[in-house]
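# A look at the structure
For reference, the chains in residue letters:
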Amino acid sequence: MDIHELIRIRKSVRSYLPKPVEPEKLEKIFHSVRLAPSANNRQEWRFILVQDKETRRLLKTAAANQSFVEEAPVVLACCAETDGRYMRCGIESYKIDVAIAVDHLTLAAAAEGLGTCWVGAFYPDQVREILHIPPAIEVVELLTLGYPKDPGLIEKERLPLEKILYKETWKR
Ligand SMILES: Cc1cc2nc3c(=O)[nH]c(=O)nc-3n(C[C@H](O)[C@H](O)[C@H](O)COP(=O)(O)O)c2cc1C
C-alpha cells in the first residue's frame with residue numbers, strides 16, 4: 001500500500017476485537033517509530049506499552065472513562081524524556097517530536113491492519129501514578145492499538161484545501 005492510501009485508510013478506531021496484537025507486529029511498528037524525525041535528532045520520545053487488563057481498566061478511568069481505552073488490547077503511554085528545550089522558532093520541540101512519532105505509529109499500525117486512536121482526554125497525574133512515571137518525564141498522549149471491530153473506511157470530515165493552503169502569502 002502506498003503512503004497516500006495508508007493515510008486515507010487510517011481512522012480513529014474506538015471499538016476493538018479482543019484479539020491480542022502479535023509481538024512481531026508490535027516490533028515492526030516500533031522500528032518505524034524509531035525512524036521518525038526529531039529536532040536535532042534528539043529522539044526524546046519514550047513509550048510504555050500496556051497490555052495488562054487491570055492496568056488498561058485503570059487507564060480508562062484516567063482517560064475520562066473512555067471505554068475503548070480498556071477494550072483495546074494495547075494502550076501506549078507516549079512520553080518524553082526531555083530537558084524542555086525550545087527551538088529557535090519559540091516552540092518546545094518535544095511536543096512536536098512525540099506527535100510525529102505517534103503519527104508514524106498510527107500509519108505503521110494501519111499498514112499492519114491495526115487500528116489506533118489518539119487519546120488526549122486524560123489526567124496526566126493519574127496516568128503517572130498508574131504507570132509509575134517519574135516527575136521528570138512528560139506524559140504527552142495515550143494511544144490505543146488493536147484490531148478494529150469495523151475495519152471499513154469512513155468519510156473523513158476535513159476542511160477544503162483552499163481553506164488550509166495559501167499560495168505565496170497569507171490570504172484570507
Ligand atoms: C491530539 C489528539 C487527541 C485526541 N484525543 C481524543 C480523545 O481523547 N478521544 C477520542 O475519542 N478521540 C481523540 N482524538 C481523535 C480525533 O477525534 C480524530 O483524530 C478526529 O476526529 C479525526 O478523525 P479520524 O482520526 O478518524 O480521521 C484525538 C486526536 C488527536 C490528534
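Please refer to the structure higher up on the page.
Computed from a predicted structure; not experimentally measured. (Residues numbered from 1 in each chain as written. Predicted model: local features only at pLDDT ≥ 70, side-chain atom pairs only at ≥ 80, totals over all residues. Heavy atoms only, no water.)

### Considerations on the overall build of the protein chain
If you tally the helices and strands in the protein chain, you get seven helices and four strands. Counting from the amino terminus, the protein chain carries its helices and strands in the arrangement α-α-β-α-α-β-α-β-α-β-α. Here the protein chain has a C-alpha radius of gyration of 17 Å; the compact-globule value for 172 residues is 16 Å, and the two agree. The dimensions of the protein chain, computed from C-alpha atoms along their principal axes, are 55 × 40 × 30 Å. For the protein chain, with 172 residues in total, the buried portion stands at 40%. Across the protein chain, contacts joining residues at least 24 apart in sequence account for 76% of those joining residues at least 6 apart. When the accessible surface of the protein chain is totalled, it reaches about 10500 Å², and 55% of it is carbon and sulfur. Measuring between centres, the 25 positive side-chain charges of the protein chain sit 4 Å from its 25 negative side-chain charges. (Helix = DSSP H or I, 4+ residues; strand = E, 2+ residues; numbered from the N terminus. Rg over C-alpha atoms; globule rule 2.2 N^0.38 Å. Buried < 20%, exposed > 50% of the residue type's maximum accessible area, 1.4 Å probe, protein only. Contact = heavy atoms within 4.5 Å. Areas by Shrake-Rupley, 256 points an atom, 1.4 Å probe, with all protein chains shown as cover. Lys, Arg positive; Asp, Glu negative; His and termini not counted. Charge placed at Lys NZ, Arg CZ, Asp CG, Glu CD.)

### Looking at the site of the ligand
Taken together, 15 residues lie near the ligand, and Arg10, Ser12, Arg14, Gln66 and Arg158 sit nearest. One of the side-chain nitrogen or oxygen atoms of serine 12 is found 2.6 Å away from an oxygen atom of the ligand. A distance of 3.1 Å separates an oxygen atom of the ligand from a polar backbone atom of alanine 121. Here the ligand, which alone exposes 620 Å², has 63% of that area covered by the protein. The element that contributes the greatest number of residues to the shell around the ligand is strand E3 (residues 115–119), accounting for three residues. Partitioned by chemical class, the residues of the shell around the ligand number six nonpolar, three polar and six charged. (Near = heavy atom within 4 Å. Polar contact = N/O pair within 3.5 Å; in protein donor to acceptor, adjacent residues only side chain to side chain. Nonpolar A, V, L, I, M, F, W, Y, C, P; charged D, E, K, R; others polar.)

### Points about helix H6 (residues 124–131)
Note: α-helices contain 3.6 residues per turn, so residues at a spacing of three or four share the same orientation. Those residues of H6 not exposed but buried are Val127, Arg128 and Leu131. Taken down its axis, H6 places every buried residue within 105 degrees of arc, on the same side. Residues of H6 that are exposed and angled more than 90 degrees away from the buried face: Asp125 and Glu129. On its buried side, H6 packs onto strand E1 (45–50), helix H3 (53–62), strand E2 (74–81) and strand E4 (137–146). Remark: histidine 132 follows H6 within two positions and exhibits a positive phi of approximately 55 degrees. (Arc of directions from axis to C-beta.)

### Points about the environment of asparagine 40
One can find asparagine 40 in the loop between helix H2 (23–34) and E1. Residue classification places asparagine 40 among the exposed residues on the basis of a relative accessible area of 69%. With 53 residues separating them in the primary sequence, asparagine 40 and serine 93 have C-alpha atoms 9.3 Å apart.

### Some points on the side chain of lysine 11
Residue placement: lysine 11 occurs in the loop between helix H1 (3–9) and H2. Comment: no salt bridge for buried lysine 11; closest opposite-charge side chain is aspartate 150, at 4.5 Å. Only 2.4 Å separates the side chain of lysine 11 from the backbone oxygen of glycine 152, close enough to count as a polar contact. If near-sequence neighbours (up to four positions away) are discounted, lysine 11 is found in contact with Thr116, Asp150, Pro151, Gly152, Ile154 and Lys156. (Salt bridge = Lys/Arg side-chain N within 4 Å of Asp/Glu carboxyl O.)

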